[in-house]
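Breakdown of the fold
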Amino acid sequence: MRIFGIVFLLLQFVSVAVMQTATTGSNAGRNISDPSTSIWFSGPATKWDEALPVGNGRLGAMVFGGVQEDRLQLNEDTYWSGGPYSTVVKGGYKFLPEIQRLVFAEKYLDAHNLFGRNLMGYPIEQQKYQSLANLHLFFSHEKETTDYRRSLDLRDGVATTTYSVGGVRYKREVFASAPDQVIVVRVTADKPGRITFTANLRGVRNQTHSNYGTDYFRMDPVGSDGLAVTGKSADYLGIAGKLKYEARVKVVAQGGTITTSGVDLNVKNADSVTLYFAAATNFIDYRDVSGDQHARVESYLRNVNGKSYDAIKAAALSDYKSLYDRASLSLPATTNSFLPTNDRKDTGRESPDPSLAALAYNFGRYLLISSSRPGTQPANLQGIWNDDQNPAWDSKYTTNINTEMNYWAVDSANLSELGTPLYKMIDELTDQGSQVAREHYGAKGWVFHQNTDIWRVAAPMDGPSWGTFTVGGAWLCTHLWEHYEYSQDKGFLAKSYPVMEGSVQFFIDFLVKHPNGKWLVTNPSTSPENFPDGGGNKPYFDEATGSRLPGTTICAGSSIDMQILYDLFGYYLKASEILDKNSALIERVRTAREQLVPPQIGSDGSLQEWADDWRSLEKNHRHFSHLYGLYPGRVLWDKRTPALIDAYKKVLNERGDGGKGWSMAWKMALWARLGDGNRANKIFRGYLDEQSCMQLFALCGKSMQVDGSLGMTAAITEMLMQSQDEVINLLPALPDEWTSGEFRGVRTRGGFELDLQWKNKRVTQLKVTSKAGGTFRMRADSAMEVTVNGSRRGIAPKDGMLEFPTTKGVEYFLQTK
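Since the structure is predicted, the reported quantities are computational estimates derived from the model, not experimental observations.

What counts, and at which threshold
Residues numbered from 1 in each chain as written. Predicted model: local features only at pLDDT ≥ 70, side-chain atom pairs only at ≥ 80, totals over all residues. Heavy atoms only, no water. Helix = DSSP H or I, 4+ residues; strand = E, 2+ residues; numbered from the N terminus. Contact = heavy atoms within 4.5 Å. Pairing = 2+ DSSP bridges. Buried < 20%, exposed > 50% of the residue type's maximum accessible area, 1.4 Å probe, protein only. Core = buried A, V, L, I, M, F, W, Y, C linked by side-chain atoms within 4.5 Å. Axes fitted to C-alpha atoms, helices over the stretch in contact; angles between N-to-C directions. Expected span 1.5 Å × (residues − 1). Arc of directions from axis to C-beta. Polar contact = N/O pair within 3.5 Å; in protein donor to acceptor, adjacent residues only side chain to side chain.

**Structural notes on the environment of Ile 124**
Relative to the elements of secondary structure, Ile 124 occurs in the loop between α3 (108–118) and β5 (133–139). For the pair Ile 124 and Pro 460, spaced 336 residues apart in sequence, the C-alpha to C-alpha distance is 7.6 Å. Among all residues touching Ile 124, those that are not within four sequence positions of it are Met 461, Asp 462, Gly 463 and Ala 544.

Written as structure tokens, this is what we have:
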């Protein structure tokens, strides 16, 4: 930790001056007060992934900001294809012993076929997240547009479009209100009577499958001041579409007139106009679709009726800021920092703009606030934003990295309650997960694989090369422990304990002895999406998927399986001790944990991805599954030796710094754990150039996904603060370019909140707030004074660590002696 020259904090944490005045650029650029919180452009979005996102956790909109025609693409987080269904196949466990025998006999393709015929869930695929509607606003601006600006202010969550036409300055503001459960569009002009437009609220149908699609809708006026779309979800994979929805727009104008004509709503000569969008489905939970979507929408609109726009906006911003204002990051700004965001990304290839990393950190927090709230669905592959009825990877929950990455930063970013939807989904997965454990594996407890949807199916899917990932649920359970680590909430731990224990129970039943007589392994197993060169792998036509594959991924005891289970078993044992639990299972887990395959170094000097010394068939493979235990896990960190660290680095170097957006975020976090901030920053700059949209949404190839954006928040945190080994380490992987900065409100394991500033790569100010009353431990290389409630005392470090007891709710200020 670089903590020399720390300055004593007397009353409050003073903001650090890290902004640099811009000397060139447009007027709009000069009006940017903080380039770490503002995303802006000098033109409208020309395609969906250039639009600006707003959301309240349940409703989402992508705002295009067009002049003659503006579009808001709209989503509701429970609108999916299909309806309640099960993918459990009864009796599959009867074939498991033979599959395991074939794997141990190295007859992997035979095992693959047998698994595909008898243990795959049915249907093999799952349901799709859907687009709900589009709101179009058609304006008749006959003159040239000037002074255009489109922006998203992360400090208040408002997307704003401004421009001038014929001497009139027009402004549109869009935000999503969580208190009132509506999306609000406000249109104003600086001269009276100048607002005239036509609005359409349009449904969305699966055009690709239009010849047999069943996702019908109808568009209707509602009185003289509203529009509605009503419809149902699509049948898919033989599962009937059981969701019904209603979407409505209510329009309120000051001055002028509002009329409807068919599906058109016409506003003429108004001074200002406010549009309120409300939507709902009949979804209650993964088993129940008996809700009343019409009554729900009526309730939302009735609730805003009679409220002023200013009151609705104030409530929405107060709610949003109560989350967003808890934490923030600022880094040095340059002249380029005040350019439009797309230009900042372009110039950042050659000229450092550290503030872009702060913007990425803050944007990730914004996305999580906007897509995951208590009572909503968890953030899926695209958060809550999707304009395609056939989205990439169905825009569902992929749990061999992506869903987990969405929530890596939820606690450190001081947004703990936003993890509630994930924790609820984990609990819901135990329903079909326990059926899958029994019917597919003949085991107690519950198991979940690599994908699910809103209906919480849990059986293997996609095909044997993907579906043999049995530790998806186990990985999710590590999030339950992580939340406890940050919160120190024993009530949460006690509530989560049965879920963790159910996962542990499954693996105690499922693990089998390796032929070498030393190890317990998962069998069948896989290292996610990666085909090895061993086991006689060769190109192979897979009957389960109907496609030609490089071979099979099936193996026994993949490294990621062993690492996740080593961590989960350890967390379970710690939880049992904290909660004073005693059982025979606890002792079985303690014994089994020490028999899992340990980290191994292959003949090429890299960490082995499989129990056998195999290589990846794909060069630069995007996954780093066998480095799970370095980040986000613990086992590789805890067991690190110089030889193992070299093996970790060899994996990272061999697979390179490029890849998908989420993969680059993971690489950054891994290099941060290894203390190389410059390498992490190099990858970040490559991410901006290659795998992010203009508004900083991450890409997975060519498809937008939020995992990389949210993963960036987690990775940047790891560069500036780490607490994985119960000791806080400040600036552990600080890039040379980030010479100064302010990191406020970051949470640590053990229940602490930190505000820190640094200058010339040295921490200058530090405030510690104890949230749980535990012992504070921090890496330090010199004696320090700790001041609390006006009392100052000196503490000397021991073995490079500073340690002192704390009281819950008390603030501590630190300075060097």
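**Considerations on the pairing of strand β14 (residues 257–261)**
Relative to strand β15 (residues 264–270), β14 runs antiparallel, the two sharing five bridges. Across the sheet, Ile 258 pairs through a bridge with Val 267, a residue of β15. Joining the antiparallel neighbours β14 and β15 is a turn of two residues, in which Gly 262 adopts a positive phi near 65 degrees.

**Considering the pairing of strand β9 (residues 182–189)**
Across the eight residues of β9, eight count as buried, placing the element largely inside the fold. Going residue by residue along β9, you find Val 182, Val 184, Arg 186 and Thr 188 tucked away on one face and Ile 183, Val 185, Val 187 and Ala 189 tucked away on the opposite face as well. Note: strand β8 (residues 168–177) against β9, eight bridges, orientation antiparallel. The residue bridging Phe 175 from the neighbouring strand is Val 184, located in β9.

**Examining the nonpolar core**
Judged by nonpolar contacts, the single largest core of 239 residues is most densely connected at Leu 201, Leu 275, Phe 277, Tyr 441, Phe 569, Leu 754 and Leu 756. Counting 15 residues, the second-largest nonpolar core is a separate cluster that includes Tyr 276, Ala 278, Tyr 309 and Ile 312.

**Observations concerning the sheet that holds strand β11 (residues 217–222)**
Across the sheet, which stays open at both edges, the nine strands sit in the order β1-β6-β7-β8-β9-β16-β13-β12-β11 with antiparallel pairing between neighbours. Here the strands that pair on one side only, and so sit at the sheet edges, are β1 (38–41) and β11. Strand-to-strand twist across the sheet, computed as the mean angle between neighbouring axes with direction ignored, equals 15 degrees. Judged from the ten bridges that link them, strand β13 (residues 244–254) and strand β16 (residues 272–281) form a sheet pairing that is antiparallel. In the sheet register, Lys 250 faces β16, and the bridge partner there is Tyr 276. Packing against the sheet, helix α4 (residues 293–304) makes contact with β9, β13 and β16, and its axis sits at approximately 150 degrees to β16.

**A short note on α4**
In a regular helix each residue adds 1.5 Å, so twelve residues correspond to 16 Å; α4 covers 17 Å between its end C-alpha atoms and thus fits that length. Gln 293, Val 297, Tyr 300, Leu 301 and Val 304 are the residues of α4 that are buried. Seen end-on, α4 carries its buried residues on one side only, within an arc spanning 90 degrees. If you follow the buried residues of α4, they end up packed against β9, β13, β16 and α5 (309–324). N-capping of α4 is provided by Asp 292, with a side-chain oxygen placed 3.1 Å from the backbone N of His 294. After α4 finishes, the residue Gly 306 shows a positive phi value of roughly 90 degrees.

**A short note on unusual backbone geometry**
Note on backbone geometry: most residues besides glycine have negative phi, and most peptide bonds are trans. Look at the link from Tyr 122 to Pro 123: it is a cis peptide, with omega at 0 degrees. You can see Pro 123 is positioned in the loop between α3 and β5. With an omega of 5 degrees, the peptide bond running from Asn 523 to Pro 524 counts as cis. Along the polypeptide, Pro 524 turns up in the loop between β21 (520–521) and β22 (540–542). For Asn 269, which is not glycine, the phi torsion reads 55 degrees and is therefore positive. Given a relative accessible area of 48%, Asn 269 falls into the partly exposed group.

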